[in-house]
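# Fold and contact review
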Amino acid sequence: MTSAPQSSESDLDAFEAVCDRLAGFDDNISAEWVDGFLTALLAGPRAVVPSEWLPHVCGESFGRAFADPADVQQAMNALMSRWNTIASQLDPEPL
C-alpha cells in the first residue's frame, strides 16, 4: 500500500503564512480552520472550484490581504498545494 503524500515543510510554511496574513483581516481565520474547511469540501459529494469556495473561506479578507497580482498567485499556489495534498490523502484508492 502506498502512503498518501504529505505537505513539505515549505508548503506548510507557505500555507500558514497565507492564513496568518488573512487572520490580520479576520480573527476567525486560522491555518487549522482553513485546513478543516478544505478537508470538508474535499470530503463532500461534489467537486468545488476555488472561485466558489474562496469567498466562503476568506470573505473580503483575501482581496484586502493580497492585492498585488504576484501576491494573489503566491497565495493561491499555497492554498492549492494544501488542497491537492488533502485531496490525495482523502483519495479512497490508497486508503
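Computed from a predicted model, the values in this text were never measured in an experiment.

When you go through the protein chain residue by residue, the secondary structure sums to 5 helices and 0 strands. The C-alpha radius of gyration computed for the protein chain amounts to 13 Å, which stays within 12% of the reference 12 Å derived for 95 residues, consistent with globular compactness. By the burial criterion, 31% of the 95 residues in the protein chain qualify as buried. By sequence separation, contacts in the protein chain at least 24 residues apart represent 67% of the contacts at least 6 residues apart. For the protein chain, the accessible area works out to roughly 5,900 Å², and carbon and sulfur atoms hold 53% of it.

A separate point is the pattern of salt bridges. Counting across every chain of the model gives 3 salt bridges. The closest approach of N and O atoms between Arg21 and Asp71, which form a salt bridge, is 2.7 Å. With Arg21 in helix 1 (residues 9-23) and Asp71 in helix 5 (residues 69-90), this residue pair connects regions lying 50 residues apart in the sequence. The exposure class of Arg21 is partly exposed, given its relative accessible area of 36%. Notably, a salt bridge pairs Arg46 with Glu52, separated by 2.5 Å at the nearest N-O pair. Overall, Arg46 belongs to the partly exposed group, its relative accessible area being 49%.

Thresholds applied
- Residues numbered from 1 in each chain as written.
- Predicted model: local features only at pLDDT ≥ 70, side-chain atom pairs only at ≥ 80, totals over all residues.
- Heavy atoms only, no water.
- Helix = DSSP H or I, 4+ residues; strand = E, 2+ residues; numbered from the N terminus.
- Rg over C-alpha atoms; globule rule 2.2 N^0.38 Å.
- Buried < 20%, exposed > 50% of the residue type's maximum accessible area, 1.4 Å probe, protein only.
- Contact = heavy atoms within 4.5 Å.
- Areas by Shrake-Rupley, 256 points an atom, 1.4 Å probe, with all protein chains shown as cover.
- Salt bridge = Lys/Arg side-chain N within 4 Å of Asp/Glu carboxyl O.

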